[in-house]
Amino acid sequence: MTDQTAQPTGPSGPPGATGTGIATGTGTELIGQIAASIRRERERSGLSMAELARRAGIAKSTLSQLESGAGNPSVETLWALGVALNVPFSRLVDPPRPAVKVIRAGEGPVTHSEQATYAATVLSSCPPNARRDIYRIEAQPGETRASDPHMPGSVEHVMIGAGRALVGPSEMPVELGPGDYISYPGDAPHVFRALTRDTLAVIVMEHI
């Protein structure tokens, strides 16, 4: 079902096709993940279902459906719940990540707005006490850019904007194209090798 709850009064949602609620290949799996996340964060906060619904500006019956995995929340509803729970939006939709994570263009947990042609795909949530540096990369085919391990616990996130590149752990890099995303341990040897001219990428280095 499509959630037609009241619109949140908190901060606007994260940056990002038509329609409302979840539209992704994972379907039921993602809805189940969101249901478990809402339940987990509500219980962690010590809030009753009625109190969380009141703070988020949604009906208690709607929240009950979401926690049971029977609802289909919009960006606005999830953002309102995140504000009410004092957690990032991404914590409600992003499952625990493996050591190496690849998201191809068009994949990932997508939520849509009730108000506009607007879609948000969470690629990675920032863990507590982490800081991130963002870099724009311009690369040409030729020598592989091999990186030594960074600080312990660091993680690198790469999204290709144009061109193609071989990116990731030195022993098992992944070929990526425009819109593809990968994350991998930055505290182990890793590489970036442009496969086409004028390859552009954004690299986010996460340090604990």
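Residues numbered from 1 in each chain as written. Predicted model: local features only at pLDDT ≥ 70, side-chain atom pairs only at ≥ 80, totals over all residues. Heavy atoms only, no water.

**Some words on helix 3 (residues 60-67)**
Then, in step 1: Among the residues of helix 3, those classed as buried are Thr62, Leu63, Leu66 and Glu67. Projected down its long axis, helix 3 shows its buried positions confined to an angular sector of 130°, all on one face.
Then, in step 2: Contact partners of the buried residues in helix 3: helix 1 (28-45), helix 2 (49-56) and helix 4 (75-85). (Buried < 20%, exposed > 50% of the residue type's maximum accessible area, 1.4 Å probe, protein only. Helix = DSSP H or I, 4+ residues; strand = E, 2+ residues; numbered from the N terminus. Arc of directions from axis to C-beta. Contact = heavy atoms within 4.5 Å.)

**Quick look at the confidence of the model for the protein**
Then, in step 1: Counting all residues, the mean pLDDT for the protein is 80, and 81% of those residues have values of 70 or more.
Then, in step 2: No element of the protein has a lower mean pLDDT than strand 1 (residues 21-22), at 50, and none a higher one than strand 9 (residues 174-176), at 97.
Then, in step 3: This stretch, residues 1-20, has a pLDDT under 50; its non-local contacts, to residues over four places away or in other chains, come to 49 contacts.
Then, in step 4: For residues 22-26, every residue scores under 50 in pLDDT, and the model assigns this stretch 13 contacts once sequence neighbours within four places are set aside. (pLDDT = per-residue confidence, 0-100.)

**Let's talk about the sheet that holds strand 8 (residues 165-169)**
Then, in step 1: Spatially, 4 strands are ordered 6-11-8-9 in an open sheet, and the strand pairing comes out antiparallel. The strands lining the two open edges of the sheet, one partner per strand, are strand 6 (145-147) and strand 9. Taking the axes of each pair of neighbouring strands and ignoring which way they run, one obtains an average angle of 20° across the sheet.
Then, in step 2: Across 3 bridges, the pairing between strand 6 and strand 11 (residues 190-194) is antiparallel. Bridging from a neighbouring strand, Ala146 pairs with Val191 of strand 11. (Pairing = 2+ DSSP bridges. Axes fitted to C-alpha atoms, helices over the stretch in contact; angles between N-to-C directions.)

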